[in-house]
Amino acid sequence: MNQSFELRNSLWRNAVLFALCLGLFVPGLLLQMWQIWYGLILFGGGTILFGYRTFDRRVKVVIDERGIQDFRSRKYGLVPWGDVASFEFTNVKGNYYLYYFPRDPSKFHQPSSKVGKWLDKKIKFRVQVSLQNMSVDIGGLSMFMKKMIAAHSSVQLPVNQVSA
């Protein structure tokens, strides 16, 4: 089952945003309309950001048999499937986010304040992986992750025993 999901920035989504920002930035720059310098700064920054994302084809997130690794945030490194209890996807205005819940949150998160400890009791700690502007097959990825979590689960499900 050598299946691997290598998630990169979506070429077309970022190219459209790059062209939009460039189209709004260049006319203001060429006409030297300095009265709208806020717009020039905003769309100039967007042109740089989305131009970089359009042509940057490096892998951002790898999800394979070993686990989940987010190269944008090197905070956790490779998280093996044995440390992942469950996951969920959320969709916010067309952008997907992957949340996975670790089996032992203390390996990933140590709250230092009383408020942080209180929040840990009230809400379940989760790690967020942004899939914003990435081309992702959510259905295939979800099925793969369910299989991997079930295969690496240390808790054995009870087997139905048939009595004769």
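The structure presented is a predicted model; accordingly, all values stated were derived computationally and were not measured.

### Overview of the packing of aromatic side chains
Counted by the stated rule, this structure contains 4 aromatic pairs. The interplanar angle of 50° and the centroid separation of 5.4 Å between the aromatic rings of F5 and F144 together place this pair among those described as tilted. With F5 in strand β1 (residues 5–7) and F144 in helix α4 (residues 138–151), this pair connects stretches of sequence that are 139 residues apart. Residue class for F5 comes out buried when judged on its relative accessible area of 12%. You can call F144 buried: its relative accessible area is 2%. Relative to F89, the ring of F87 has its centre 5.7 Å away and its plane inclined at 80°; by these criteria the two rings are edge-to-face.

### Some points on the pattern of salt bridges
In total, this model carries 6 salt bridges according to the counting rule given. Between R8 and E6 there is a salt bridge, with the nearest N and O atoms lying 3.6 Å from each other. The class of E6 is partly exposed, set by a relative accessible area of 45%. One network of salt bridges, with partners in common, ties together D56, R58 and K60.

### Some remarks on the sheet that holds strand β6 (residues 95–102)
Sheet architecture is open: 3 strands sit in the order β5-β6-β7, paired in antiparallel fashion. Every interior strand has two partners, whereas the edge strands, β5 (84–92) and β7 (127–130), have only one. Strand-to-strand twist of the sheet, defined as the mean angle between neighbouring strand axes without regard to direction, takes the value 25°. Summarising the sheet, β6 and β7 pair through 4 bridges and their orientation is antiparallel. Along β7, the bridge assignment pairs Y99 with Q128.

### A closer look at the environment of N9
Mapped onto the elements, N9 comes out in the loop between β1 and α1 (11–30). Given the relative accessible area of 8%, N9 is considered buried. Taking C-alpha positions, N9 is 4.5 Å from M134, a pair spaced 125 residues apart along the chain. Among all residues touching N9, those that are not within four sequence positions of it are N14, R53, D56, R57, K60, N133 and M134.

### Considering unusual backbone geometry
Phi is positive for K93, close to 55°, though the residue is something other than glycine. By the secondary structure assignment, K93 is in the loop between β5 and β6. The exposure class of K93 is exposed, given its relative accessible area of 83%. In this model, N133 sits at a positive phi of 55°, which is unusual for a non-glycine residue. Following the sequence through the fold, N133 ends up in the loop between β7 and α4.

Reading the values: the criteria
Residues numbered from 1 in each chain as written. Predicted model: local features only at pLDDT ≥ 70, side-chain atom pairs only at ≥ 80, totals over all residues. Heavy atoms only, no water. Phe/Tyr/Trp six-rings, centres within 6.5 Å; stacked < 30°, edge-to-face > 60°. Helix = DSSP H or I, 4+ residues; strand = E, 2+ residues; numbered from the N terminus. Buried < 20%, exposed > 50% of the residue type's maximum accessible area, 1.4 Å probe, protein only. Salt bridge = Lys/Arg side-chain N within 4 Å of Asp/Glu carboxyl O. Pairing = 2+ DSSP bridges. Axes fitted to C-alpha atoms, helices over the stretch in contact; angles between N-to-C directions. Contact = heavy atoms within 4.5 Å.

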